[in-house]
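Residue-level structure breakdown
These are the residues of each chain, in order.
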Amino acid sequence: MKKSTEADLAMSKAAVKISADLLSNPLCDQDQAFVDSMTALDTAMRRMDSFNQEKVNQIQKTVIDPLKKYSGVFPSLNMAVKRREQALQDYKRLQSKAEKYEEKDKTGPVMVKLHQAREELRPVRDDFEVKNKQLLDEMPKFYHSRIDYFQPSFEALIRAQVVYYTEMYKIFSELTDQIDQAGLTDEQRERETEAKLSELRALSIVADD
């Protein structure tokens, strides 16, 4: 998402630079109609850049920042899983130790060691059960809460996009009305554009493909 917004900003900034360069070109001084068209284009690009910046700021606050906060939960969650795994390993090790004494002949020394092993096992087992229960209770809650957490961000993203593209439609519709040559069909415009491109390709300074 961050790269997407950065690309959006780069696109609108590039469009503003292109329109500004065209407007400042000396050729504009030779044709008032061209000046009017480039002025309209420059105004439209600056309006687009302004709305784009507003959209990006909105996405930053309502989508990117909440995502960062959500991802910040994972280190502590991973640590809790690791602590539970370590507690499990300690529990298994001491349980295995106690089971070995249980399998031996019940002599006095063996019974003493068995009692000690069981006493050592009890708090470790309790610690594991607490950590295990905590994860069993909280992991499903964490998993199911993701939808409620992200829902507002998704809605905000959609609203930001709708507002932006609605404004873009207005801006480019107005621009089309300002610079459009009345009476030309789309096919005629396409042929005219292709003719201009052919003229450019014919210039000696244009490299062959």
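Please refer to the structure higher up on the page.
Residues numbered from 1 in each chain as written. Predicted model: local features only at pLDDT ≥ 70, side-chain atom pairs only at ≥ 80, totals over all residues. Heavy atoms only, no water.

The next subject is the overall build of the chain. Assigned secondary structure in the chain consists of five helices and zero strands. For the chain, the succession of helices and strands along the chain, N to C, is α-α-α-α-α. Expressed as lengths along the three principal axes of its C-alpha atoms, the size of the chain is roughly 110 × 40 × 30 Å. Within the chain, the fraction of its 209 residues that count as buried is 23%. As displayed, the chain offers around 15100 Å² of accessible surface, 57% of which is attributable to carbon and sulfur atoms. Taking the average place of the 33 positive charges on the side chains of the chain and the average place of its 37 negative ones, the gap between the two points comes to 14 Å. (Helix = DSSP H or I, 4+ residues; strand = E, 2+ residues; numbered from the N terminus. Buried < 20%, exposed > 50% of the residue type's maximum accessible area, 1.4 Å probe, protein only. Areas by Shrake-Rupley, 256 points an atom, 1.4 Å probe, with all protein chains shown as cover. Lys, Arg positive; Asp, Glu negative; His and termini not counted. Charge placed at Lys NZ, Arg CZ, Asp CG, Glu CD.)

This brings us to the packing of aromatic side chains. Throughout the structure, instances matching the rule amount to seven aromatic pairs. Where Tyr164 meets Tyr165, the ring centres are 4.9 Å apart and the plane angle is 75°; that geometry is what we call edge-to-face. For Tyr164, a relative accessible area of 5% gives the class buried. Residue class for Tyr165 comes out exposed when judged on its relative accessible area of 52%. Put simply, the rings of Tyr70, Phe142, Tyr149, Phe150 and Phe154 touch in pairs and so form one group of aromatic residues. (Phe/Tyr/Trp six-rings, centres within 6.5 Å; stacked < 30°, edge-to-face > 60°.)

On to a nonpolar patch on the surface. Residues Leu197, Leu200, Leu203 and Ile205 make up a contiguous nonpolar surface patch of about 400 Å² in total accessible area. When you line up the elements, Leu197 lands in helix 5 (residues 186-201). (Patch = residues over 30% accessible without salt bridge, like charges linked within 9 Å, V, L, I, M, F, W, Y side chains within 5 Å. Salt bridge = Lys/Arg side-chain N within 4 Å of Asp/Glu carboxyl O.)

This brings us to the pattern of salt bridges. A full pass over the atoms with the stated rule returns 14 salt bridges. Between Arg47 and Glu174 there is a salt bridge, with its nearest N and O atoms 2.8 Å apart. Of this pair, Arg47 sits in helix 2 (residues 32-71) while Glu174 sits in helix 4 (residues 108-179), and the two are 127 residues apart along the sequence. Under the relative-accessibility criterion, Arg47 is labelled partly exposed at 30%. Here Lys133 and Asp137 are joined by a salt bridge, their closest N and O atoms 2.8 Å apart. Here Asp137 and Lys133 lie together in helix 4, a separation of four residues that amounts to about one turn.

On to the packing of helix 1 (residues 2-24) against helix 2. Look at helix 1 against helix 2: their axes get within 8 Å of each other, and the N-to-C directions meet at 165°. Between helix 1 and helix 2, the crossing angle belongs to the class labelled roughly antiparallel. Crossing geometry of helix 1 relative to helix 2 is assigned as left-handed. For the contact of helix 1 with helix 2, the residue count by class is 16 nonpolar, seven polar and seven charged. (Axes fitted to C-alpha atoms, helices over the stretch in contact; angles between N-to-C directions. Parallel < 35°, antiparallel > 145°, perpendicular 65-115°, else oblique. Left-handed = near helix turned anticlockwise from the far one by under 90°. Nonpolar A, V, L, I, M, F, W, Y, C, P; charged D, E, K, R; others polar.)

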